[in-house]
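# Structural characterization, general
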Amino acid sequence: MTSISQQNKCLHCGSDSGEAILGINNEIFCCAGCRSVYEILNQNKLCAYYTLNTSPGIKMDEVASKSYYAFLERQEIANKLIAFKDHEVTHVNFYIPQIHCSSCLWLLEKLPQLHKGIVNSRVHYFNKEVQIVFNHKLITLKMVAEILASIGYRPEINLDSIASAQNEFVNSSLGLKIGISGFCFGNIMMMSFADYLSIGTLEPVIYHFFRFLSVSLSLPVLFYCASDFFQSAWNGLKIGVLKIDLPISLAIIITFARSMYEIANQNGLGYLDSMSGIVFFMLVSRWIQSKTYQKIFYNKDYRSFFPAYVTRINDRREEVIDLIESKTNDLILVRSNEVIPVDGILSKGKAYIDYSFVNGESQPVEVKIGDQVFAGGRQVGSSIEVVLTHEFSSSKLISLWNNSIFRTSKGVQYDKYDYLASVFTIVVLSLGLLSGLYWYFQDDTQKMWSSIITVLIVACPCALLLTKNFTQGNISKILSINGFFIKNSDVLMMFNRINTIVFDKTGTLTLPHENTIQYEGIELPEFIKEEIASVIKQSSHPLSMAVYKSFGSIKPFEVVHFKEHIGLGIEAWVNDKHVKIGSSSFVKSNSNISNGSELLVEYDGKYIGKFVCYSNYRKNAGKVMSELSKKYKLGVLSGDNESEKPQVRNIMGESAFIKFNQDPINKLEAIKELQNHGSVVMMVGDGLNDAGAFKQSDLSVSVTDKRVSFTPACDSVIHGDRLIKLASIIKFIIDAHHTIYIIFALSILYNMIGLFFALQGILSPLIAAILMPLSSITIIGLSYLWCQKLAMKNELISTQ
Amino acid sequence: MKIIIILVTLSFIIAFGFLIAFIWSVKSGQYDDIESPSHRIFFDQTETKN
């Protein structure tokens, strides 16, 4: 082993290679996993992978077991994944969440070079999917999955991915509708202009020709493009809700009817251009709104966290069964890095279970044979065998979802902008009718019709809706640049009401799976350090491995008489010295405070010190908290023990409340308690242990660190490294939302001016038809500029 | 002025051709993944270098 300076980054994954491993041509790797990927690629002349991007690889710390994809051999499981199969080739789609850059794309499309059985592979970057065509006479589905796993792209196959059906059709039909309505809008406009500019002087032949064309162009707009509005308005009416689509539908229908009336009476070409314009603009704004929302799945629940299949050991034979089929007393195999799917009792193997996702404990727990293991824990060490004591649905973790809070949906949060727009429409509609009545009693039927119709055209709430959709679209675009993703626009409105922010500790305030090891004790000479390190190296306990890593590269001594005491510690002889390392019940010490995250060391019969493992807190966490505390009440709910209370207090400041040892139900109750005292709570957390609190809170923000990770059902997702910007993100959202009101006011002003003339019956429908797109364009422009300005002010985008 | 009928018909036919092309491009899935083609265009260059 060669010593390498700390700055060296792994060629494959770019992580710091503390103890570097060298490749054939002296390349630097952080681990054997990364090197093996490089070797595979090198053999197959695929090293351009590393030239497209620096260190594009996926860290191979999770060494997949060979038999992980064994369940793909089962025909009924394979059939669920296979999209198409004939006598020679099979088409299959894999979801690979690790896809993140052009190198991934390049490599995955070069799969045929790795195995001649793979005919073709094509990546769908946006959906993180790869479609593989392979010759099933040369290669099996399982082998394809294993090839992918061997180069770091492990296909994710779980309950959810099998259950979900693809729903791309919705988007493509929206695109079609926009295209068709735009086409019709443009062409009708062209003819209408000729009509507007030469009122009454169009030659009859041309007039009839234009009339025919306009009407035939308007029909697809009315019956195809606008169908969503009618559908949604009608659905709303059926359940007695006044939806914003109702006034839009009314405007579309009335404009169309009035145009038909005019055309039938040979009185110009009507306002079919306005009608198709409304539809076109509304569809575009809807598209902009939907565009920013599709990247993340927000409604994941525990099902996406568990594997779809478990390996059952039956008469020493491994067989793969559906998780739901597993029964009490089944003996199942849990491999390294797999999640324990059901509560059970450990029957074989060394178990270090990482429960950080379930209860927020930062250190893996060592479990003795015969002790309970709980669903949701991840096995860190080697393979273990577990006898199930429950059925899947009655596991302790799953029972959280049976809590009543998960059965009640948050309820339709009413959209006050939609409401405002609806009220506005009703007011305008009744004004129109009143003025119609007035002119009727004045015996001026011409003015009566004119005023009713123009009022209706002017009163279309499109401008209001456009303001809302475009501004919210702009906001979410700026947010997504900053690593913050929202589920839908309703979420944005909640930010205004929040007055309390509650954080989780593990994985939220701290960096997940990153610890700092500190030695506390008497000063040690270099050779004793090396001796201790040599002993620690023998242990497979995760904490020992972390401590060993903290030594950097050392020359290990020979260790003899190594003995491991499960749950206690290790002892061994090195250079004729006895070394004992372990917990406080194993090594006698003078310090009495103890928690799960320290290793005490006894050297040559004397206690010399201990290694303490601290969580790494996010950089600048304290700064954000002090910024936030100016405006919000802050709190921490952690599932971990109290050992890090001083650090947490230091970050959160004096006024924050801090609670430790909270299980998921406690967290949920704590949030409820806050809400009962008038708090509107935003919950920031990660992991399953926050799922209950997420559901109870008024606004939930899930923190994710890996390029992909499981996020429980939540309203929004933030990248871990952007958490330091939380304060400015919140401020930006609130500021930007005020602009909606300003632009709202402006568009109402537009409408008022129009109404003023319309009610007197002196505004020709032509002017109304021109005013409509003009106001739309001003609004779109204003909303864009305003959002950019606010984003710059809050330093969310650069000022260039 | 009756020539306008022919002109409008012509322009309409051309525009209609583009509409058909657009519908075809949507239906054939060209808008399904607008991210990967922009990366793929670079791959050919690096390959010719090798």
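Residues numbered from 1 in each chain as written. Chains lettered and ligands numbered in written order. Predicted model: local features only at pLDDT ≥ 70, side-chain atom pairs only at ≥ 80, totals over all residues. Heavy atoms only, no water.

We now examine the overall build of chain A. Scanning chain A from terminus to terminus reveals 27 helices and 28 strands. Across the 800 residues that make up chain A, the buried fraction comes to 54%. As displayed, chain A offers around 35900 Å² of accessible surface, 56% of which is attributable to carbon and sulfur atoms. (Helix = DSSP H or I, 4+ residues; strand = E, 2+ residues; numbered from the N terminus. Buried < 20%, exposed > 50% of the residue type's maximum accessible area, 1.4 Å probe, protein only. Areas by Shrake-Rupley, 256 points an atom, 1.4 Å probe, with all protein chains shown as cover.)

Attention now goes to the sheet that holds strand β15 (residues 384-388) of chain A. All names here are of chain A. Strand order in the open sheet formed by six strands is β8-β7-β9-β15-β10-β13, and the pairing between neighbours is antiparallel. The two strands at the open ends of the sheet, each matched to only one other strand, are β8 (317-322) and β13 (372-373). By the bridge criterion, four bridges tie strand β9 (residues 331-334) to β15 in an arrangement that is antiparallel. Residue L333 lies in a different strand from β15, and its bridge partner there is E385. (Pairing = 2+ DSSP bridges.)

Looking now at the pattern of salt bridges. All names here are of chain A. Overall, the coordinates contain nine salt bridges over all chains when judged by the stated rule. Residue K142 pairs with E146 through a salt bridge whose shortest N-O separation is 3.7 Å. Here K142 pairs with E146, and both are found in helix α5 (residues 141-150), just four residues apart, close to one helical turn. Of the residues examined, E146 reaches a relative accessible area of 19% and is grouped as buried. Residue K667 pairs with D504 through a salt bridge whose shortest N-O separation is 2.9 Å. Taken together, the residues K667 in helix α24 (residues 664-676) and D504 in the loop between β17 (500-503) and α19 (505-509) connect sequence positions 163 residues apart. Using a relative accessible area of 0% as the deciding quantity, one classes K667 as buried. A residue is classified by how much of its surface remains accessible, and D504, at 0% relative accessible area, is buried. Three or more residues are tied together by salt bridges with common partners; here these are K731, D735 and K793. (Salt bridge = Lys/Arg side-chain N within 4 Å of Asp/Glu carboxyl O.)

Next up on the list: helix α20 (residues 526-537) of chain A. Residue and element names in this part refer to chain A. The end-to-end C-alpha distance of α20, which contains 12 residues, comes to 16 Å, matching closely the 16 Å that a straight helix rising 1.5 Å per residue would cover. All buried positions along α20 are accounted for by I528, E530, E531, I532, A533, S534, V535 and I536. Buried residues along α20 sit against α21 (542-550), β19 (559-565), β20 (569-574), β21 (577-582), β22 (598-603) and β23 (606-617). (Expected span 1.5 Å × (residues − 1). Contact = heavy atoms within 4.5 Å.)

Residue and element names in this part refer to chain A. Within the chain, H561 stands out as a residue other than glycine whose phi angle is a positive 55°. The exposure class of H561 is exposed, given its relative accessible area of 65%. At N661, a position not held by glycine, the phi torsion is positive, near 55°. Residue placement: N661 occurs in the loop between β25 (657-659) and α24.

All names here are of chain A. Strand direction decides the pairing type here: strand β5 (residues 118-124) and strand β6 (residues 129-135), joined by six bridges, are antiparallel. In the strand pairing of β6, S121 is matched with I132. Here β5 folds back onto β6, and the loop between the two strands holds four residues, one of which, K128, carries a positive phi near 55°.

We now examine the interface of chain B and chain A. With 25 residues of chain B at the contact, the number on the chain A side is 28 residues. Interface area for chain B against chain A, summed over the two sides, is near 2400 Å², with a carbon-plus-sulfur share of 74%. Its largest share of buried area at the contact with chain A, chain B owes to B:F12, B:R40 and B:F43, together 23% of the area lost on that side. Scanning the region where chain B abuts chain A turns up one salt bridge. In this structure, the salt-bridge partner of A:E109 is B:R40, at a minimum N-O distance of 2.5 Å. Counting the contacts that link chain B with chain A gives two residue pairs in polar contact (both at pLDDT 80 or more). Only α1 (3-27) and α2 (36-49) of chain B provide two or more residues apiece to the side of chain B that touches chain A. Top element by residues in the side of chain B that touches chain A is α1(B). It accounts for 13 residues. (Buried area = accessible area lost by both parts, 1.4 Å probe. Polar contact = N/O pair within 3.5 Å; in protein donor to acceptor, adjacent residues only side chain to side chain.)

Residue and element names in this part refer to chain A. Locating L785 in the fold gives a position in helix α27 (residues 765-793). On the accessibility criterion, L785 (56% relative accessible area) is exposed. For the pair L785 and N474, spaced 311 residues apart in sequence, the C-alpha separation works out to 9.5 Å.

Attention now goes to the packing of aromatic side chains. This model, assessed by the stated rule, comprises 13 aromatic pairs over all chains. For the ring pair A:F183 and B:F12, a centre distance of 5.9 Å and an interplane angle of 45° mean the geometry is tilted. Here A:F183, found in helix α7 (residues 169-197), pairs with B:F12, found in helix α1, and the two come from separate chains. Owing to a relative accessible area of 11%, A:F183 belongs among the buried residues under this scheme. Under the relative-accessibility criterion, B:F12 is labelled buried at 18%. Considering the side-chain rings of A:F185 and A:F280, the 5.8 Å spacing of their centres and the 25° angle between planes classify their relative orientation as stacked. You can see A:F185 sitting in helix α7 and its partner A:F280 sitting in helix α11 (residues 272-291), a full 95 residues away along the chain. Feature note: the residues A:Y38, A:Y49 and A:Y50 constitute an aromatic cluster, connected by ring pairs. Over the face of the ring belonging to A:Y224 we find A:K177, whose NZ or CZ atom lies 5.4 Å from the ring centre. (Phe/Tyr/Trp six-rings, centres within 6.5 Å; stacked < 30°, edge-to-face > 60°. Lys NZ or Arg CZ within 6 Å of the ring centre and 35° of its normal.)

Moving on, we get to the environment of A:S382. All names here are of chain A. Assignment of secondary structure puts S382 in the loop between β14 (378-379) and β15. A C-alpha to C-alpha distance of 7.5 Å links S382 and A351, two positions 31 residues apart in sequence. Each residue touching S382, except ones within four places of it in the same chain, is listed here: V334, S336 and K350.

Residue and element names in this part refer to chain A. Formed by 54 residues in total, the largest nonpolar core has its most connected members in L72, F94, I132 and Y153. Here this core gets six residues from one element, more than from any other, and that element is α5. In this structure, this core is formed jointly by two domains, domain 1 (1-61) and domain 2 (66-157), each of which donates at least three residues. By size, the runner-up hydrophobic cluster in this structure holds 48 residues, among which are L492, A621, I729 and A736. (Core = buried A, V, L, I, M, F, W, Y, C linked by side-chain atoms within 4.5 Å. Domains from an automatic or database assignment.)

What follows covers the sheet that holds β5(A). All names here are of chain A. The four strands lie next to each other as β3-β4-β6-β5, forming an open sheet whose pairing is antiparallel. Each edge of the open sheet carries a strand with a single partner, namely β3 (82-85) and β5. Sheet twist, expressed as the mean angle between neighbouring strand axes with direction ignored, is 15°. Sheet topology places strand β4 (residues 89-95) next to β6; seven bridges connect them, and they run antiparallel. Within β6, the position partnered with V89 by the bridge is N135. Here α5 sits on the sheet in contact with β4, β5 and β6, set at roughly 40° to β4. (Axes fitted to C-alpha atoms, helices over the stretch in contact; angles between N-to-C directions.)

It is worth spelling out the confidence of the model for chain B at this point. On average, chain B scores 79 in pLDDT, and the residues at 70 or more come to 86%. The low-confidence segment residues 46-50 of chain B, where pLDDT is below 50, has four contacts with residues more than four positions distant or belonging to other chains. (pLDDT = per-residue confidence, 0-100.)

Residue and element names in this part refer to chain A. Of all residues in chain A, 82% have pLDDT values of 70 or greater, and the mean over the chain is 77. Per-element confidence in chain A is highest for β17, whose mean pLDDT is 90, and lowest for helix α6 (residues 159-163), whose mean pLDDT is 51. For the stretch residues 1-6, pLDDT sits under 50, and the model shows eight contacts to residues farther than four places along the chain or on other chains. Considering only residues more than four positions removed or in separate chains, one finds that residues 163-170, a stretch of pLDDT under 50, has four contacts.

This part is about the side chain of A:S638. When you line up the elements, A:S638 lands in the loop between β24 (633-637) and α23 (645-652). Beyond its immediate sequence surroundings of up to four residues, A:S638 is in contact with A:D504, A:K505, A:K659, A:F660, A:N661, A:Q662 and A:K667.

This brings us to the environment of A:I651. Residues and elements named next belong to chain A. The residue I651 is located in helix α23 in this model. Given a relative accessible area of 13%, I651 falls into the buried group. Along the sequence, I651 and G622 sit 29 residues apart, while their C-alpha atoms lie 4.3 Å from each other. Apart from residues lying up to four places away in sequence, I651 is in contact with Y617, A621, G622 and M625.

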